[in-house]
Amino acid sequence: QVQLVESGGGLVQAGGSLRLSCVASGGTFSSGAMAWFRQAPGQERELVARINWSGGGTFYPNSVKGRFTISRDIGKNALYLRMNTLKPEDTAVYYCAADLVGGNSRADTWNYWGQGTQVTVSS
């Protein structure tokens, strides 16, 4: 079974940057995809970035487009999310997700999840 472990969250001032990491093990991603979701209290889990393991199929919603960049390192079996120009509304728990087929913006289309890492952006 695929295991995902996130790291890199923390407290940052508005306008600052963070780089989240997700290390995957226990599965194959030859035909799969990975993604980053976030969830703020009282809100649904929201897709913020996705990528096919091949490197194609990237997607960003308008709320983060131009500020966030998703990437992967095949050799390290790792996924990254570079977050620039952070805003207070980016505050949430950020989750790494994976699927051997590839999901969409709905959280229930992704089979594997990490435990999450807290990102807090102060104003």
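These figures come from a predicted structure and were not determined experimentally.

**Student:** Whenever I open this one, unusual backbone geometry confuses me. Can you help?
**Tutor:** Glycine aside, negative phi is the norm for most residues, and most peptide bonds take the trans geometry. Even without being glycine, N77 reaches a positive phi, approximately 55°. Relative to the assigned elements, N77 resides in the loop between β6 (68-73) and β7 (78-83). With a relative accessible area of 21%, N77 lands in the partly exposed category. A positive phi angle is found at T85, which is not glycine, with a value near 50°. Tracing the backbone shows T85 in the loop between β7 and β8 (92-99).

**Student:** Can you help me understand the packing of aromatic side chains in this one?
**Tutor:** A ring pair, where both rings are aromatic, is described by two values, the distance of the centres and the angle of the planes. Per the stated rule, a full pass over the model turns up three aromatic pairs. What links up through ring pairs into an aromatic cluster is the set F37, Y95, W110 and W113. Here the guanidinium or amino end of R45 rests over the ring plane of Y95, the centre of that ring lying 3.8 Å away. The aromatic ring of W113 is capped on one face by R45, whose charged end is 4.9 Å from the ring centroid.

**Student:** Quick question: what am I supposed to make of the side chain of R67 here?
**Tutor:** Take R67: it is sitting in the loop between β5 (46-52) and β6. A distance of 2.8 Å separates the side chain of R67 from the backbone oxygen of S63, its partner in a polar contact. Other than its neighbours up to four places away in sequence, R67 contacts R82, M83, N84, T85, L86, K87 and D90.

**Student:** Looking at this structure, how should I read the environment of A33?
**Tutor:** In this fold, A33 is placed in strand β4 (residues 33-39). Residue A33 is classed as buried on the basis of its relative accessible area, which comes to 0%. Spatially, the C-alpha atoms of A33 and Q118 are 23 Å apart, while their sequence positions differ by 85 residues. Contact partners of A33, with chain neighbours within four places excluded, come to R50, I51, N52, W53, A97, A98, D99, G102 and W110.

**Student:** Please explain the nonpolar core as it appears in this structure.
**Tutor:** The biggest cluster of nonpolar side chains holds 29 residues, and the ones touching the most others in it are L4, M34, W36, L81, M83 and Y94. When residues of this core are traced back to their parent elements, those giving at least two are β3 (18-25), β4, β5, β6, β7, β8 and β10 (117-122). By size, the runner-up hydrophobic cluster in this structure holds six residues, among which are A33, A35, F37 and A97.

**Student:** Can you walk me through the pairing of β10 in this structure?
**Tutor:** Looking along a regular strand, one sees the side chains alternate between the two faces of the sheet. Of the two faces of β10, only the one carrying T117, V119 and V121 is buried; Q118, T120 and S122 on the other face are not. Where strand β2 (residues 10-13) and β10 come together, four bridges link them in parallel fashion. Following the sheet pairing, V12 is matched in β10 by V121. In the sheet, β8 pairs with β10 via three bridges, with the strands oriented antiparallel. Paired with Y94 across the two strands is T117, which belongs to β10.

Parameters and conventions
- Residues numbered from 1 in each chain as written.
- Predicted model: local features only at pLDDT ≥ 70, side-chain atom pairs only at ≥ 80, totals over all residues.
- Heavy atoms only, no water.
- Helix = DSSP H or I, 4+ residues; strand = E, 2+ residues; numbered from the N terminus.
- Buried < 20%, exposed > 50% of the residue type's maximum accessible area, 1.4 Å probe, protein only.
- Phe/Tyr/Trp six-rings, centres within 6.5 Å; stacked < 30°, edge-to-face > 60°.
- Lys NZ or Arg CZ within 6 Å of the ring centre and 35° of its normal.
- Polar contact = N/O pair within 3.5 Å; in protein donor to acceptor, adjacent residues only side chain to side chain.
- Contact = heavy atoms within 4.5 Å.
- Core = buried A, V, L, I, M, F, W, Y, C linked by side-chain atoms within 4.5 Å.
- Pairing = 2+ DSSP bridges.

Read these as spatial facts, not as claims about activity.
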